[in-house]
Number of protein chains: 2
Amino acid sequence: MANTNTNTNTLYQYSTISALLSGICTEGIDAATLLDKGTYGIGTCSDLDGEITVMNSRAYHFPSTATATVRRLSPTDTIPFAMLTTFQPTNTVPLPTTTTSEKVTLKTLSELLTPILDTNKNTFLSLRLTTTFAWLTTRIIPRRRSPEETLADCASRQKVTNHGRSRGTLFGFWSPAYTVGIGVPGFHLHFLSEDGENGGHVLDFEVAVEHDEDSEGEGEGRGLEVAVLREVRVELPDTEEFGRVDVEAPTAEMVRGAEGGQPLSFCIHMYGVVILDLIVMGGNWEQKGKNKNYLASIKSVRETTFYFQNAFFT
Amino acid sequence: MANTNTNTNTLYQYSTISALLSGICTEGIDAATLLDKGTYGIGTCSDLDGEITVMNSRAYHFPSTATATVRRLSPTDTIPFAMLTTFQPTNTVPLPTTTTSEKVTLKTLSELLTPILDTNKNTFLSLRLTTTFAWLTTRIIPRRRSPEETLADCASRQKVTNHGRSRGTLFGFWSPAYTVGIGVPGFHLHFLSEDGENGGHVLDFEVAVEHDEDSEGEGEGRGLEVAVLREVRVELPDTEEFGRVDVEAPTAEMVRGAEGGQPLSFCIHMYGVVILDLIVMGGNWEQKGKNKNYLASIKSVRETTFYFQNAFFT
């Protein structure tokens, strides 16, 4: 499939995260059309079945069923959400190599990007990092069981894989805070192992300190490769469900809850806020309870933390 | 200036409303480049100086100074925010003509659009209405006095014009709720009088019931002309201020406060909420006061309602 997106380092996005959060994820465009839009990207399949990673125009699909392994995306697969770009890195940020340096993890990645983010506070970044990871945690979102399930619902039963030492590539985007209704503010990265057998949505990672002593690979030793994206083309689905279902403006917490995947500290914080609110608001609870976003936020928090509940409350 | 946007009924947007709300409005693109992006649109000039209305590839600028009148946009004018489309209406909604029908105002416009909005809940609409108005209220945003002033600041001292019976054209967009960080959810319409001498950002209007008995004009008698926009191209400014200033995710209330212009009922509602919060939250106020968005929201509400305060509280 030829890539006809001649606009290097622009962002093509199909649908929005707020649509996924509202359960709009069955219909979409076919993979053949999508792969025309860029060389690198991330996405999911119809009914949130798994994770898609596009690297160098090759599209890998990690389905969510227990026995399924990685497959190449079929041209007729239906894609309800994706972000693609014709990636041409313009900046390379070297990785620290000594054991005395701070470790490079998902949390410290923004510090590494400080020189770029300080003068590009409100643009999108595309990011590629090929290296050896000391460890890496990914998730694969499970296909929803019914049309009533949302992304947040599915995230509560996502399949989390703790990879040990691994070589491979991270690719994804950093999005500004004001894009919360459209995409995922902050980092949204997918992983593909060097052998192409493992991957998924990145929850966290740590770059091995001796990373640049490893054998060569795409982007290897060149550090974190970055491009600034100033042009964003959003294609809104021409589908029945997108036209019919009410999509509300989500809060950053709602998106993080569904896309962050394993946000233990966030969940404790949010539970704290909700509980605090319940106590402090007292008689005002009824009024607050009528706020649809607030209710959805609680629902999202409750369900993404489902499997932490026993550890946390008992 | 030739329009090279061959993609009819796509939306081209330069910068974002959240950037304007954050005071990013001095730099931008030149008008010649902008007018290449569509035939109809809305926008503002550098430092929020007035309102721009683009109709049929002619760009009118209503400056904010007391003595200035309408002028044609100069190719070298700097535009910090604009939305344009190559408008080709695909739907026409007839206007009610008898006195027994509900009046067509900004408030009832969404009811008139129900057949379209019911199956296009999450796409953008472009709208054109050429008719006779029983009355019409527009505002012109004043040029900011210092780089510290934001859109919300300027909105508090906007110049409001109450037009009497007027013939002319409304053009603008309806945007879905989830686009709050990017644009103005709901309607964002600008007006141009038939003689091209008056116009601005529309605060409210009422269509004259005998509208279709008037003389002919562009779109006259054909009702409200609409197109559904599924493709959105956002160009983020490649400017120093856009790279440097933190843009936060605004709430719908913040955008409404700045763009709604004269939201008396909204202000009373918001004041109610703020006051209620102050009373009910009690000891929790300190915690809530630390929430930057909440503070900004109160600031925005306070300042956009500045000139209602005497009438409302005294």
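For the structure, check the block above.
Counting restarts for each chain, with residues numbered from 1 along the sequence as it is written. Chains carry letters and ligands carry numbers; both start at the beginning, A for chains and 1 for ligands, and go up in the order they are written. Residue-level local features of this predicted model are given only where pLDDT is at least 70; pairs of side-chain atoms are given and counted only at 80 or more, and the full residue set underlies all totals for whole chains, interfaces and linings. Hydrogens and water molecules were not included; the side-chain quantities draw on all heavy atoms of the structure.

K.L.:
Now, about the relation of the copies chain A and chain B: what can you tell me, with residues and values included?
P.N.:
Least-squares fitting of one copy onto the other uses the C-alpha atoms of those residues that reach a pLDDT of at least 70 in both copies. Note on the copies: chain A fits chain B at an RMSD of 0.0 Å, the axial shift is 0.0 Å, and the rotation between them is 180°. With respect to symmetry, the two chain copies, as superposed, fit the operation of a two-fold axis. For chain A, the minimum C-alpha distance to the rotation axis belongs to Arg233 of chain A and amounts to 2.1 Å. The contact criterion used is simple: two residues touch if any of their non-hydrogen atoms lie within 4.5 Å. With an isologous cut-off of 70% or more, the 100% of interface residues of chain A that recur at the interface of chain B puts this contact in the isologous class.

K.L.:
Residues and numbers for the interface of chain A and chain B, please.
P.N.:
Listed by partner, the interface residues are 41 residues for chain A and 41 residues for chain B. Joining two parts hides part of their accessible area as seen by a 1.4 Å probe, and the buried area is that hidden amount summed over both. Taking both sides of the interface into account, the surface hidden between chain A and chain B amounts to around 3,000 Å²; carbon and sulfur atoms contribute 55%. Ranking the residues of chain A by area buried against chain B places Tyr178, Arg230 and Leu236 of chain A at the top, with a combined share of 24%. Salt bridge criterion: a side-chain nitrogen from Lys or Arg within 4 Å of a carboxyl oxygen from Asp or Glu. Linking chain A with chain B are 6 salt bridges. N or O atoms closer than or at 3.5 Å make up a polar contact, with two conditions inside protein: a donor-capable atom paired with an acceptor-capable one, and, for residues adjacent in sequence, both atoms drawn from side chains. The interface formed by chain A and chain B contains 20 residue pairs in polar contact (both at pLDDT 80 or more). Numbered from the N terminus, helices here are DSSP runs of H or I no shorter than four residues, and strands are runs of E no shorter than two. Looking at the side of chain A that touches chain B, the elements with two or more residues in it are β16 (231-235), α6 (240-244), α8 (264-281) and α9 (285-289) of chain A. Taken together, the residues of the side of chain A that touches chain B break down into 19 nonpolar, 11 polar and 11 charged. For this scheme, ten residues count as nonpolar: Ala, Val, Leu, Ile, Met, Phe, Trp, Tyr, Cys and Pro. Four count as charged, namely Asp, Glu, Lys and Arg, and the remainder, Gly too, count as polar.

K.L.:
Would you mind going over empty space enclosed by the protein in detail, with residue names and values included?
P.N.:
In this approach, a probe sized like a water molecule rolls over the atoms, and the result shows the empty space that is left. A cavity, in this analysis, means grid points on a 1 Å lattice covering only the protein atoms where a 1.4 Å probe fits yet has no way out; a pocket is instead an open set bounded by protein on both sides within 12 Å along at least five of seven lines, and a residue lines either one if it has an atom within 4 Å of a point. Grid points are joined across faces, edges and corners, and a volume is the space filled by probe spheres set on the points. Per the stated rule, a full pass over the model turns up 9 cavities of 30 Å³ or more. Approximately 160 Å³ is the volume attributed to the largest cavity. The wall of the largest cavity is formed by 15 residues, among which Ile182, Val232 and Val234 of chain A together with Ile182 and Val234 of chain B lie closest to the centre. Sorting the residues of the lining of the largest cavity by element identifies β16 of chain A together with β16 (231-235) of chain B as the ones contributing at least two each.

K.L.:
How would you sum up the side chain of Arg144 of chain B? Please name residues and give values.
P.N.:
Residues and elements named next belong to chain B. For Arg144, the location among the structural elements is in the loop between β10 (124-140) and α5 (151-155). Here's how the labels work: a residue is buried when its accessible area is under 20% of the maximum for its type, exposed when over 50%, partly exposed in between, all with a 1.4 Å probe on protein chains only. Looking at Arg144, the relative accessible area reads 7%, which means it is buried. At a separation of 3.3 Å, a polar atom in the side chain of Arg144 contacts the main-chain carbonyl oxygen of Pro147. Arg144 has contacts with Gly23, Cys25, Thr26, Asp47, Glu149, Cys154, Arg157 and Glu241, leaving out every residue within four places of it along the chain.

K.L.:
Tell me about unusual backbone geometry, and please be specific about residues and values.
P.N.:
Leave glycine aside and you will find that most residues have negative phi; peptide bonds, for their part, are mostly trans. Phi angles above zero are rare outside glycine, and Ser57 of chain A is one such case at about 70°. Here Asn9 of chain B, not a glycine, exhibits a phi torsion of approximately 60°, which is positive. Structurally, Asn9 of chain B is set in the segment before β1 (11-14).

K.L.:
Give me the pairing of strand β5 (residues 58-62) of chain A: which residues, what numbers.
P.N.:
The two faces of the sheet receive side chains in turn, since in a regular strand these alternate between them. Residue and element names in this part refer to chain A. Counting buried positions along β5 yields 4 of 5 residues, so the element is predominantly enclosed. In short, DSSP must find at least two bridges between two strands for them to pair. Looking at chain direction, strand β4 (residues 51-55) and β5 are connected through 5 bridges and run antiparallel. Residue pairing in the sheet places Met55 in a bridge with Arg58 of β5. Connecting β4 to the antiparallel partner β5 that follows it, the hairpin turn spans 2 residues, and Asn56 within it adopts a positive phi of roughly 50°.

K.L.:
Account for the pairing of strand β14 (residues 199-207) of chain A, with residues named and values stated.
P.N.:
Residues and elements named next belong to chain A. In terms of burial, β14 is largely enclosed, as 8 of its 9 residues are buried. Judged from the 6 bridges that link them, strand β10 (residues 124-140) and β14 form a sheet pairing that is antiparallel. Counted as the bridge partner of Phe133 is Val207 from β14. From the end of strand β13 (residues 186-193) to the start of β14, which pair antiparallel, there are 5 residues, and Gly196 there has a positive phi angle of about 75°.

K.L.:
Would you mind going over the side chain of Asp153 of chain B in detail, with residue names and values included?
P.N.:
Residues and elements named next belong to chain B. Within the fold, Asp153 resides in helix α5. For Asp153, a relative accessible area of 11% gives the class buried. Polar side-chain contacts of Asp153 include one of 2.6 Å to the backbone nitrogen of Thr150.

K.L.:
Break down the packing of aromatic side chains for me, citing the residues and quoting the values.
P.N.:
Side-chain rings of Phe, Tyr and Trp, where Trp is taken by its six-membered ring, are said to pair if the distance between their centres is within 6.5 Å; with planes under 30 degrees apart they count as stacked, over 60 as edge-to-face, and otherwise as tilted. Enumeration over the complete set of coordinates arrives at 12 aromatic pairs over all chains. Residues Phe87 of chain B and Phe171 of chain B carry aromatic rings whose centres are separated by 5.2 Å and whose planes lie at 75° to one another, so their mutual orientation is edge-to-face. With a gap of 84 residues between them, Phe87 of chain B in the loop between β8 (81-85) and β9 (91-93) and Phe171 of chain B in strand β12 (residues 166-175) connect regions that are remote in the sequence. Grouping residues by exposure puts Phe87 of chain B and Phe171 of chain B together as buried. Within the aromatic cluster, the residues linked to one another by ring pairs are Tyr40, Phe87, Phe171 and Phe173 of chain A. Arg72 of chain A extends its terminal NZ or CZ atom over the ring of Tyr60 of chain A, reaching a point 5.3 Å from the ring centre. Remark: a charge is flagged as sitting over a ring if the NZ atom of Lys or the CZ atom of Arg is within 6 Å of the ring centre and within 35 degrees of the ring normal.

Everything listed is a geometric property; what it means functionally is a separate question.
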